[in-house]
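Analysis of the macromolecular model
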Amino acid sequence: MRRLLCLCLLLTACDGEVSPDGGLPEDASTPPGDAALLDAGRDAGGGAEDAGGDDAGAPACPREPAAADRARFVVLAHPFGDPSYEVLALSADGALSRPGTRFVMGKAADSPIVFTPDGEVGIVAQDDGSLGVFTLDAGGAPTVVHRALTGDFYAAGVVMDPAGDAVWIRDAQFRESGGGLYRAPIGCDGTVGPATLVAPGRLAYGMAFLRDGTAAVASKDLLDDTVDASGLGPDLRILDPSAPATLAAGDVFPEADWIVAGFTVTANERHALLGDNAAFSATGNRLAVAAIDDGVSFVQQIADVEDPVAIVASPFDDAAIVVSGFGDAIWGLRYEPDAAMPLTVTGELSYQDRGPALPDTAVMVGRGPLEGLVLVSENVAVRRVRFEGGGVITDLGPFELGGGTENIAGPLGVQP
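This brings us to the overall build of the chain. Along the chain, the regular secondary structure elements total one helix and 30 strands. Counting across all 416 residues of the chain, residues that qualify as buried make up 58%. A separation of at least 24 residues holds for 52% of the contacts in the chain among residues at least 6 apart in sequence. Of the accessible surface of the chain, which amounts to about 15300 Å², a share of 52% is contributed by carbon and sulfur atoms.

Our focus in this paragraph is the packing of aromatic side chains. Counting across every chain of the model gives seven aromatic pairs. With centroids separated by 5.1 Å and ring planes inclined at 55 degrees, the aromatic side chains of Phe103 and Phe134 adopt a geometry described as tilted. Remark: Phe134 occurs in strand E7 (residues 131-136) and Phe103 occurs in strand E4 (residues 96-103); sequence separation between them is 31 residues. Residue Phe103 is classed as buried on the basis of its relative accessible area of 0%. On the basis of relative accessible area, Phe134 is assigned to the buried category, the value being 0%. Considering the side-chain rings of Tyr205 and Trp258, the 5.8 Å spacing of their centres and the 65 degrees angle between planes classify their relative orientation as edge-to-face. Here Tyr205 is found in the loop between strand E12 (196-202) and strand E13 (206-209), whereas its partner Trp258 is found in the loop between strand E17 (245-250) and strand E18 (260-265), with 53 residues between them in sequence.

In terms of nonpolar packing, the biggest core is built from 21 residues, with Leu236, Val260, Phe263 and Leu274 touching the most fellow members. Elements supplying a minimum of two residues to this core: strand E14 (215-218), strand E16 (236-240), E18, strand E19 (271-276) and strand E20 (286-291). Broken down by element, this core gets its largest block of residues, three residues, from E18. Contact partners of Val260, with chain neighbours within four places excluded, come to Tyr205, Ala218, Phe253, Leu274 and Gly275.

It is worth spelling out the sheet that holds strand E22 (residues 308-313) at this point. Pairing within the open sheet is antiparallel, and its four strands lie in the order E22-E23-E24-E25. The open sheet has two free edges, formed respectively by E22 and strand E25 (343-348), since each of these has just one partner strand. Strand after strand, the sheet turns through a mean of 25 degrees between neighbouring axes, direction not considered. Where strand E23 (residues 319-324) and strand E24 (residues 329-335) come together, six bridges link them in antiparallel fashion.

Before going further, it helps to examine the pattern of salt bridges. As enumerated under the stated definition, the model contains 16 salt bridges in all. Notably, a salt bridge pairs Arg286 with Glu255, separated by 2.8 Å at the nearest N-O pair. Placement of the pair is Arg286 in strand E20 and Glu255 in the loop between E17 and E18, with a sequence separation of 31 residues. Judged by relative accessible area, which is 29%, Glu255 ranks as partly exposed.

Time to look at the pairing of strand E29 (residues 392-400). Looking at chain direction, strand E28 (residues 381-389) and E29 are connected through eight bridges and run antiparallel. Across the sheet, Ala381 pairs through a bridge with Glu400, a residue of E29. Adjacent in sequence and paired antiparallel, E28 and E29 are bridged by two residues, among which Gly390 carries a positive phi angle near 65 degrees.

Turning our eyes to something else, we now look at unusual backbone geometry. Residues Ala243 and Pro244 are joined by a peptide bond in cis, for which omega reads -20 degrees. Counting through the fold element by element, Pro244 comes out in the loop between E16 and E17. Backbone geometry at Glu269 places phi at a positive 60 degrees, although glycine is not the residue there. Among the secondary structure elements, Glu269 is positioned in the loop between E18 and E19. For Glu269, a relative accessible area of 17% gives the class buried. Phi at Leu358 is positive, roughly 50 degrees, even though this residue is not glycine. One can find Leu358 in the loop between E25 and strand E26 (359-364).

Judged by pairing direction, the sheet is antiparallel, and its four strands sit side by side in the order E5-E6-E7-E8 without closing on themselves. Of all strands in the sheet, those bounded by a partner on one side alone are strand E5 (114-115) and strand E8 (142-149).

Turning our eyes to something else, we now look at the pairing of E14. Alternating positions in E14 separate into two faces, Ala215 and Val217 on one and Ala216 and Ala218 on the other, with burial throughout. When E13 meets E14, the two strands line up antiparallel, connected through four bridges. Opposite Met207, over in E14, you have Val217 as the bridge partner. When E14 meets E16, the two strands line up antiparallel, connected through four bridges. Its bridge partner being in E16, Ala215 is matched across the sheet by Leu239.

Structurally, Gly94 can be placed in the loop between strand E3 (84-90) and E4. With a relative accessible area of 2%, Gly94 lands in the buried category. For the pair Gly94 and Arg386, spaced 292 residues apart in sequence, the C-alpha to C-alpha distance is 9.9 Å. Apart from residues lying up to four places away in sequence, Gly94 is in contact with Leu370, Leu373 and Arg384.

Rules of the game
- Residues numbered from 1 in each chain as written.
- Predicted model: local features only at pLDDT ≥ 70, side-chain atom pairs only at ≥ 80, totals over all residues.
- Heavy atoms only, no water.
- Helix = DSSP H or I, 4+ residues; strand = E, 2+ residues; numbered from the N terminus.
- Buried < 20%, exposed > 50% of the residue type's maximum accessible area, 1.4 Å probe, protein only.
- Contact = heavy atoms within 4.5 Å.
- Areas by Shrake-Rupley, 256 points an atom, 1.4 Å probe, with all protein chains shown as cover.
- Phe/Tyr/Trp six-rings, centres within 6.5 Å; stacked < 30°, edge-to-face > 60°.
- Core = buried A, V, L, I, M, F, W, Y, C linked by side-chain atoms within 4.5 Å.
- Pairing = 2+ DSSP bridges.
- Axes fitted to C-alpha atoms, helices over the stretch in contact; angles between N-to-C directions.
- Salt bridge = Lys/Arg side-chain N within 4 Å of Asp/Glu carboxyl O.

Right, dumping it as structure tokens:
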């Protein structure tokens, strides 16, 4: 992963290692309080790797959202040393704690962990292109369903279908190598069935579903896009996944060497925000804003935003944050939907305790009293940031995990 060398340099201690068995219980239903490291070799998929065969195609079932006002669980990847995943508890008032439960799948890739709407099934793209799939019971105890689910795809990231009965897989390879968007059904028992290529494309960097069932997709081309002389199509499009068909498309970056890292759509679905962190681009790293409420059109570009690895838009449509990985920073932005230039950089957040250290993945609680609470993984901590409304963004400080490679924080996800 891209952060390996920098993360190791920042470690305060590297003497702890996580053992896949360590003399702890082998039962994947071990309660969180037992500090158990669960053995993924005994997963429900029946082995270290699973190609999604006959036993992986359980009938898909929709999943109703869990209560909005409740305690939740957060799953955090620890990609270094002996890779593992940890279950954190997020109380109804937003406090984090460590019940002490870890489990083993594959090494996580640089993209968030996603959950079904009921919070029971979690899925993550892994470093070898496979999917890790697990379930959480009501007490937060995990069971590994697929340790490393493989298929025709090479997963760079995953997006949960709003119905919760399928997961969408972003394969960010070239079209000729199988790149594009895949859909795989999720069974009632959490098993993920064989994935189908829905939209062939090149370098599918980002995908976000809209309330009408369409999706905003950032990629170099998709489906039967008309490409230019360099072989590239529009940068951003609105996709009807059910057809599949491109409903609208447009250019956001005038050059061809952009790489989208952070990507999101505002809560009002009027704008898409894209972060370009291409390392060798002549233009440098930047943010772009595109209007998506009436076709797709370029609106704004903000230059010199270092390594925008994650972007989160406020549910109150008045602010956003940009996570700068190699910049060790979280930047606040004012969002004014009706302005000619809707985003204005307001500066770094006022940090509590200390500033970020190699921040990376960011996920937000979108419902209930915790609406607007953002969790950001960084080196050996999980930072909490909150959108307060009225354009106010509050840093609540890092939840420290301790030293050692086993505590380096990778991608994370929070139950909806």
